[in-house]
Amino acid sequence: MRKIFPVLLIMSLAALFSGCTVKYSATGASIDANAKTVNVRFFENRAPLNNPTLGQRMTQKLRDKIQSQTKLVQVAETEPRADYEFRATITGYSFTNAAVTNVDQSARSKLTVTVNVVFIKRVEGTDKKGWTQSFSRSAEFSASQLASSVENSLLDNEIIPNITDDIFNRAFANW
């Protein structure tokens with residue numbers, strides 16, 4: 001009986017853990033075990049007011065994040081059947097007043113970017129759920145500064161990283 005117990009214990013543990021189909025990473029991302037490829041399509045910029053480089057910058061930032069935090073391989077945009085696919089459209093890009101002083105002058109201004117994302121999941125053996133969601137982030141700056149002088153800094157240091165994190169977390173961390 002003593003010889004059989006360790007064998008039964010090992011077999012039971014092996015059977016228990018062999019049914020898992022989700023792979024977890026140290027980054028908190030949860031990727032389906034069958035998923036190998038991802039296609040992050042170019043972010044189309046359809047905002048009435050826009051920054052001409054914003055689509056490329058956001059596309060590249062999301063691709064870089066996925067490459068650094070998962071084992072998924074980015075495939076060409078012409079590839080029709082990636083396991084995961086992101087399609088995004090920049091729908092909003094605006095500068096507004098964020099705070100007004102008592103003399104009706106703006107003290108703070110705000111840059112807001114809104115992106116509509118469609119996430120498609122084509123992984124075999126899963127329920128193939130995808131989603132469509134709008135993501136928006138803002139960053140404030142002093143109204144005494146020219147918008148053109150702070151725009152790239154706000155985009156690169158606050159808005160693009162935060163929207164990218166939101167998209168990544170929604171797709172892979174179920175947040």
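This text goes with the structure placed above it.
Overview of the structure. (Residues numbered from 1 in each chain as written. Predicted model: local features only at pLDDT ≥ 70, side-chain atom pairs only at ≥ 80, totals over all residues. Heavy atoms only, no water.)

### Remarks on the nonpolar core
Inside soluble globular proteins, nonpolar side chains tend to come together where they are buried.
Here is step 1: Formed by 36 residues in total, the largest nonpolar core has its most connected members in Phe43, Ile66, Tyr84, Phe86, Val113, Val115 and Phe172.
Here is step 2: Of all the secondary structure elements, the ones that give two or more residues to this core are strand S3 (37–40), helix H2 (54–69), strand S6 (84–100), strand S7 (106–121), strand S8 (131–142) and helix H3 (147–173).
Here is step 3: The element best represented in this core is H3, accounting for 10 residues.
Here is step 4: Excluding anything up to four places from it in sequence, Phe43 contacts Gly55, Met58, Thr59, Leu62, Ala88, Ile90, Val115 and Ile167. (Core = buried A, V, L, I, M, F, W, Y, C linked by side-chain atoms within 4.5 Å. Buried < 20%, exposed > 50% of the residue type's maximum accessible area, 1.4 Å probe, protein only. Helix = DSSP H or I, 4+ residues; strand = E, 2+ residues; numbered from the N terminus. Contact = heavy atoms within 4.5 Å.)

### As for the side chain of Asn39
Here is step 1: Residue placement: Asn39 occurs in strand S3.
Here is step 2: Here Ala76 takes part through its backbone oxygen, which lies 3.4 Å from a polar atom of the side chain of Asn39.
Here is step 3: Leaving out residues up to four positions away in the same chain, Asn39 has contacts with Gln74, Val75, Ala76, Glu77, Glu79, Ala82, Tyr84, Glu85 and Phe86. (Polar contact = N/O pair within 3.5 Å; in protein donor to acceptor, adjacent residues only side chain to side chain.)

### Points about the packing of H2 against H3
Here is step 1: One can describe the packing of H2 onto H3 by two numbers: an axis separation of 9 Å at closest approach and a directional angle of 50°. Taken together, H2 and H3 sit at an angle that is classed as oblique. Regarding H2 and H3, the two cross each other, and that crossing is right-handed. Touching Leu54, Arg57, Met58, Lys61, Leu62, Lys65, Ile66 and Gln69 of H2 are Asn152, Leu155, Asp156, Ile160, Pro161, Ile163, Thr164, Asp165, Ile167, Phe168 and Phe172, all from H3.
Here is step 2: Broken down by class, the residue content of the contact of H2 with H3 amounts to 11 nonpolar, three polar and five charged. (Axes fitted to C-alpha atoms, helices over the stretch in contact; angles between N-to-C directions. Parallel < 35°, antiparallel > 145°, perpendicular 65-115°, else oblique. Left-handed = near helix turned anticlockwise from the far one by under 90°. Nonpolar A, V, L, I, M, F, W, Y, C, P; charged D, E, K, R; others polar.)

Don't take any of this as a statement about function, it's just geometry.
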